[in-house]
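Remarks on the overall topology
The residues making up each chain are set out below.
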Amino acid sequence: MGDAAPPSDAKLMDVLNKSFERGRNPSVKLLGGKIESYDREAKELRMSFVGTPAQDNGNKQIMGGFLSAMIDVCVAQAVVVHSQLRQTVSTLEQNSRCWLPCQSQKMWRECRCL
């Protein structure tokens, strides 16, 4: 019995995105998250998020807590993809600064495993 080759990153992203659509990770679904790309050599993951009226602060801007959650989700999914679905992570400390309001539209987050 030999070890099977690990799944490709494209396959991993497909599996995770389908699980998000089914609600397997409710926070990703709530944030409208989707893994767009992963560069294994650079250890960089790119996700898109779609803001909703429920995340709006009343001024057509996404509230900061939702933006922080989007960053948190991106970091966690980078670990999951990099580990080939063998590891998860909980964020213990996160600092973020928003310089400009973020409008309720499609947003991108990128993160890197160190």
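These lines cover the structure that appears in this document, whether it is placed above or below.

Rules used throughout
- Residues numbered from 1 in each chain as written.
- Predicted model: local features only at pLDDT ≥ 70, side-chain atom pairs only at ≥ 80, totals over all residues.
- Heavy atoms only, no water.
- Pairing = 2+ DSSP bridges.
- Helix = DSSP H or I, 4+ residues; strand = E, 2+ residues; numbered from the N terminus.
- Salt bridge = Lys/Arg side-chain N within 4 Å of Asp/Glu carboxyl O.
- Buried < 20%, exposed > 50% of the residue type's maximum accessible area, 1.4 Å probe, protein only.
- 1 Å grid on protein atoms, 1.4 Å probe; cavity = no way out; pocket = protein on both sides within 12 Å on 5 of 7 lines; lining within 4 Å.
- Points joined across faces, edges and corners; volume = space filled by probe spheres on them.

Okay, the pairing of strand β2 (residues 44-50) next. Walk down a regular strand and you will see the side chains alternate between the two sheet faces. Here strand β1 (residues 34-39) runs beside β2; their pairing, made up of 5 bridges, is antiparallel. The residue bridging Tyr38 from the neighbouring strand is Leu45, located in β2. Counting the residues in the hairpin turn of β1 and β2 gives 4 residues, including Lys43, whose phi is positive at 60 degrees.

Right, let's talk about the pattern of salt bridges for a bit. As enumerated under the stated definition, the model contains 2 salt bridges in all. A salt bridge links Asp9 to Arg40; the shortest N-O distance between them is 2.6 Å. Here Asp9, found in helix α1 (residues 9-21), pairs with Arg40, found in the loop between β1 and β2; they are 31 residues apart in sequence, far enough to count as distant. The class for Asp9 is buried, based on a relative accessible area of 16%. A residue is classified by how much of its surface remains accessible, and Arg40, at 28% relative accessible area, is partly exposed.

Next up on the list: the layout of surface pockets. Considered as a void within the structure, the largest pocket measures approximately 280 Å³ in volume. Lining the largest pocket are 16 residues; nearest its centre among them are Phe20, Asn25, Gln77, Val80 and Thr88. Of all the secondary structure elements, the ones that give two or more residues to the lining of the largest pocket are α1 and α3 (64-82). The biggest single contributor to the lining of the largest pocket is α3, with 5 residues.

Worth remembering: the numbers are spatial, not functional.
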